[in-house]
Amino acid sequence: MTTYNVTLIPGDGIGPEVAAAAVRVLSATGIRFEWETVMAGAEAAGREGNPLPPNVLESIRRNKVALKGPTATPIGTGHRSVNVALRKTLDLYANLRPVKTLPGVKSRYTDVDLVVVRENTEDLYSGLEHVVVPGVVESIKIITEKASTRIAKFAFEYARIHDRKRITAIHKANIMKLSDGLFLDCCRAVATANPGVIYDEMIVDNTCMQLVLDPTKFDVLLLENLYGDIVSDLCAGFIGGLGMAPGANIGEEVAVFEAVHGSAPDIAGKNMANPMALILSGAMMLDHLGELDAASRVRNAVHGVLRDGEKLTADLGGSSGTIELTEAIARRV
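What you see is a predicted model; the values in this text were computed from it and never measured.

Caption draft 1: Layout of the packing of aromatic side chains. In the structure shown here, the tally under the stated rule is 5 aromatic pairs. One aromatic cluster in this structure is built from Tyr-4, Phe-33 and Trp-35. Across the ring face of Phe-218, the terminal group of Arg-166 is positioned such that the distance to the ring centre comes to 5.9 Å.

Caption draft 2: Focus on the environment of Ala-330. For Ala-330, the position within the fold is in helix α11 (residues 322–332). On the basis of relative accessibility, which here comes to 7%, the residue Ala-330 falls in the buried class. Sequence-wise, Ala-330 and Ala-259 are 71 residues apart; in three dimensions their C-alpha atoms are separated by 18 Å. In this view, Ala-330 contacts Arg-24, Val-25 and Ala-28; residues no more than four positions away in its chain are not counted.

Caption draft 3: Seen up close, helix α9 (residues 276–289). For α9, built from 14 residues, the straight-helix expectation of 20 Å at 1.5 Å per residue is met to within 8% by its first-to-last C-alpha distance of 20 Å. All of the buried residues along α9 are Met-276, Ala-277, Leu-278, Ile-279, Leu-280, Ser-281, Gly-282, Ala-283, Met-284, Met-285, Leu-286 and Leu-289. Phi turns positive, to about 85 degrees, at Gly-290, one or two residues after α9.

Caption draft 4: Expanded view of helix α1 (residues 15–28). Between its terminal C-alpha atoms α1 stretches 20 Å, which fits the 20 Å expected from 14 residues at 1.5 Å a residue. Buried within α1 we find Gly-15, Glu-17, Val-18, Ala-19, Ala-21, Ala-22, Val-23, Val-25 and Leu-26. On its buried face, α1 is in contact with β1 (3–9), β2 (32–37), β3 (65–68), α9, α10 (292–308) and α11. Gly-30 sits one or two positions beyond α1 and adopts a positive phi of about 90 degrees.

Caption draft 5: Just a nonpolar patch on the surface, in detail. On the surface, Val-132, Val-133 and Val-136 cluster together to form a nonpolar patch covering roughly 220 Å² of accessible area. Inspection of the secondary structure puts Val-132 in strand β6 (residues 129–133). On the accessibility criterion, Val-132 (47% relative accessible area) is partly exposed.

Caption draft 6: Structural context of the side chain of Glu-17. Along the chain, Glu-17 turns up in helix α1. For the buried Glu-17, no salt bridge exists, and the shortest N-O distance to an oppositely charged side chain is 9.8 Å, to Lys-270. In terms of polar contacts, Glu-17 uses its side chain to reach the backbone amide nitrogen of Gly-269, at 2.7 Å. Polar contacts involving the side chain of Glu-17 include one to the main-chain amide nitrogen of Asn-271, which spans 3.3 Å. When neighbours within four sequence positions are excluded, Glu-17 is seen to be in contact with Ile-267, Ala-268, Gly-269, Lys-270, Asn-271, Met-272 and Thr-322.

Caption draft 7: Representation of the pattern of salt bridges in the model. Here the structure, examined in full by the defined rule, presents 24 salt bridges. Close ionic contact of Arg-188 with Asp-185 constitutes a salt bridge, the shortest N to O distance being 3.7 Å. Of the two residues, Arg-188 and Asp-185 are both situated in helix α6 (residues 179–192); the distance of 3 residues between them amounts to about one turn of the helix. In this structure, the salt-bridge partner of Glu-201 is Arg-188, at a minimum N-O distance of 2.7 Å. One end of the pair, Glu-201, is in strand β9 (residues 198–203); the other, Arg-188, is in helix α6, with 13 residues separating them in the sequence.

Caption draft 8: Focus on the state of the cysteines. Tallied over the full model, the rule gives 0 disulfides. Cys-187 supplies the cysteine sulfur nearest to Cys-186, a cysteine that is in no disulfide, at a spacing of 6.9 Å. What makes Cys-186 buried here is its relative accessible area of 5%. Take Cys-187: its relative accessible area is 0%, and that puts it in the buried class.

Caption draft 9: Region of the structure containing the side chain of Asp-180. Here Asp-180 shows up in helix α6. Within the structure, the side chain of Asp-180 is placed 2.7 Å from the backbone nitrogen of Lys-172, a separation counted as a polar contact. If sequence neighbours within four positions are ignored, Asp-180 has contacts with Lys-141, His-171, Lys-172, Ala-173, Glu-224 and Tyr-227.

Caption draft 10: Quick look at the nonpolar core. The biggest cluster of nonpolar side chains holds 88 residues, and the ones touching the most others in it are Leu-221, Met-276 and Ile-329. With 10 residues, the top contributor of residues to this core is α9. In contact with Ile-329, not counting residues within four places along its chain, are Val-25, Met-276, Ile-279, Ala-301, Val-302 and Val-305. Ranked by size, the runner-up nonpolar core spans 15 residues in total, among them Ala-40, Leu-52, Ile-60 and Val-256.

The rules we used
For every chain, the first residue of the written sequence is number 1, and numbering continues from 1 onward in sequence order. Per-residue local features are limited, in this predicted model, to residues with pLDDT of at least 70; the limit for side-chain atom pairs, both in listing and counting, is 80 or more; totals at the level of whole chains, interfaces and linings are taken over all residues. Derived side-chain values reflect all non-hydrogen atoms in the structure, with water molecules and hydrogen atoms excluded from consideration. The criterion for an aromatic pair is that two Phe, Tyr or Trp rings (for Trp, the six-membered ring) have centres within 6.5 Å, with stacked assigned to planes under 30 degrees apart, edge-to-face to planes over 60 apart and tilted to the rest. Either the NZ atom of lysine or the CZ atom of arginine qualifies as a charge over a ring when it sits within 6 Å of the ring centre and within 35 degrees of the ring normal. Only runs of H or I of at least four residues qualify as helices and only runs of E of at least two qualify as strands under DSSP, and these elements are numbered from the N terminus. Three labels apply to residues, based on accessible area from a 1.4 Å probe with only protein chains included: buried if under 20% of the type maximum, exposed if over 50%, partly exposed otherwise in between. Residues count as neighbours in contact if any of their non-hydrogen atoms are within 4.5 Å of one another. Residue count minus one, scaled by 1.5 Å, sets the expected span of a helix. Residues enter patches when their relative accessible area tops 30% and they take part in no salt bridge; the joining distance is 9 Å for like charges and 5 Å for the nonpolar side chains Val, Leu, Ile, Met, Phe, Trp and Tyr. What sets the accessible areas is the Shrake-Rupley method with a 1.4 Å probe; for residues, cover comes only from the shown protein chains. Criterion for a salt bridge: a side-chain nitrogen of Lys or Arg within 4 Å of a carboxyl oxygen of Asp or Glu. The charged-residue count follows a simple rule in which Lys and Arg add positive charge and Asp and Glu add negative charge, with His and chain termini not counted at all. The term polar contact refers here to a pair of N or O atoms within 3.5 Å; inside protein, the definition further demands a hydrogen-donor-capable atom paired with an acceptor-capable atom, and it admits residues adjacent in sequence only when both atoms are side-chain atoms. Here, a disulfide means two cysteine sulfur atoms that sit within 2.5 Å of each other. Throughout this description, the term nonpolar core refers to a set of buried Ala, Val, Leu, Ile, Met, Phe, Trp, Tyr and Cys residues connected via side-chain atoms within 4.5 Å.

And the structure:
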């Protein structure tokens, strides 16, 4: 049996709790893992003066795969986002966030099944900011032909492999004619080379309205970095919130799997966190490793627990804790 060496980044806040939950459920599949635990985020910044120490990057490059808990990012001050630094340093150019209705989860929306494909390395997240004069700050949006073409190819390849029928490129090219215009030019060129997938375009603000009216009209959404971040959080609301939304950051050489949600420091250490998003991210990791049966068993276990209302956390309408929910899922796996 193959043993997979995987970098484990517990993260901040509820991160260590949900990371432990994901490890427990993944181990219940019978797949053999060797977990290499490394620290990144606020705790690492406090210990080492660096939120992303070199050993974290070395571990991920060596193992090729990582499972990551949420890390805290100070607002308006302090250290740079660990997520952004990881994505840029390791060239994790594709952020993949599937959004699918889950059984037993209360929502006004049903039959949602869409995928957000987000460019992950440039746009306003390049972090190029400076003070022009006191009281005036300039933030530079970077869009390149290389990155736009690469993410479009990823989206069309994903659609082909997963039998997706339609890709919608999301933009604001009516205002940002050069930057978003370049993004669209690249998407159109890739679409022309892939006639088997329907391609269309939509302005980002209209997209948000149309999503809220009827998300079932969408299939694969292809977006630049900032739009993708915002729209994917909106889409998480269709399936019960960020606590149910898994994600992956994929590059040519390595992949990092993480939940969409943040570190939730207000409930850290209280056995209250919902671990399902990171558990489902772990299922995406299993898919990436080619362990499709194990991935399916993890998803089926999560669905079964939700369907039966077994040991759910408070955000799901239950009264159980993180540990109890995790064990309920692991037993079903």
